[in-house]
Amino acid sequence: INECKKRWNYSTGGNLIIARRHNAGASCGSVNSGLSFGGTTNPTSQTATEQYDGTSWTAKNNMITARQLLGGAGDVDSALAFGGFSTPSNTTYGNTEEYNGTSWSAGGALITSTAKVKGTGAQNAALAFGGSSPYKSCTEEYNGSSWATGGVMSQAAAARGATGIQNAALAMGGYPTSQTAAEQYDGTAWSTLPDSPNDIRSGGSAGKIAGAFFFGK
């Protein structure tokens, strides 16, 4: 986790069509196959969906509900969007949407509506955890139609790094007080791992439990 000793080799990719922040993505994407959805252009929440092919972004059908600070899971042809917050209405959401590669449809709602939630896994086997406000330690598991209560994290935190699958996942960093904390989920319960060497309040992550990396600030 948080492998800062390795040298990064970056190249510039294509820009999003709609510049925005606090958007989510399909957690199982790759550098040449990604999906971005939701977010905000400040102050207005967005429904925009864009797909990346390794070079450029293409506009896809919009989400049903405009929101930001939402969770995402799945891949470009079977993605999941859940939770989030919308402005200017200042509404916190629990609804879930499923993407089939073309359009979005309504799925089962989260048990607890929340923003700044993180997720990982597949569309029919997803994991959602954390969030705010207030800060949450709860975990929910999605089976393709409804959410069920999972294990409780040791940290009540938002905007954590997330990687892995539903029964083998990692949660890393976050805030307000979990910047170096790391936990592993086995499908039933969370167990604490050694802290990462750097404070990361809100970052990106990728990989699986046997080889993950976490980056951000």
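In short, a report on the structure. (Residues numbered from 1 in each chain as written. Predicted model: local features only at pLDDT ≥ 70, side-chain atom pairs only at ≥ 80, totals over all residues. Heavy atoms only, no water.)

## What about the overall build of the chain?
Within the chain one finds zero helices and 20 strands. Relative to a compact globule of 217 residues, whose C-alpha radius of gyration would be 17 Å, the chain shows 16 Å and is just as compact. The buried share of the chain, taken over its 217 residues, is 46%. Long-range contacts, defined here as pairs at least 24 residues apart, represent 45% of the contacts in the chain between residues at least 6 apart. When the accessible surface of the chain is summed, it comes to about 10,200 Å², and 49% of that surface belongs to carbon and sulfur atoms. Charged side chains of the chain number 14 positive and 13 negative; the gap between the two group centres comes to 9 Å. (Helix = DSSP H or I, 4+ residues; strand = E, 2+ residues; numbered from the N terminus. Rg over C-alpha atoms; globule rule 2.2 N^0.38 Å. Buried < 20%, exposed > 50% of the residue type's maximum accessible area, 1.4 Å probe, protein only. Contact = heavy atoms within 4.5 Å. Areas by Shrake-Rupley, 256 points an atom, 1.4 Å probe, with all protein chains shown as cover. Lys, Arg positive; Asp, Glu negative; His and termini not counted. Charge placed at Lys NZ, Arg CZ, Asp CG, Glu CD.)

## Focus on the sheet that holds strand β12 (residues 125–129)
Across the sheet, which stays open at both edges, the four strands sit in the order β11-β12-β13-β14 with antiparallel pairing between neighbours. Edge positions in the sheet fall to β11 (118–122) and β14 (147–149), since each has one partner strand and no second. For this sheet, the mean angle separating the axes of adjacent strands, direction not counted, is 20°. Relative to strand β13 (residues 139–142), β12 runs antiparallel, the two being bridged by four bridges. Residue pairing for β13: Ala126 is matched across the bridge by Tyr142. (Pairing = 2+ DSSP bridges. Axes fitted to C-alpha atoms, helices over the stretch in contact; angles between N-to-C directions.)

## Things to note about the sheet that holds strand β3 (residues 49–52)
Strands pair in a sheet through their backbones, by hydrogen bonds, and they do so in one of two ways: parallel or antiparallel. In spatial order, the strands read β1-β2-β3-β4; together these four strands make up an open sheet with antiparallel pairing. The open sheet is flanked by β1 (24–25) and β4 (57–60), the only strands paired with a single partner.

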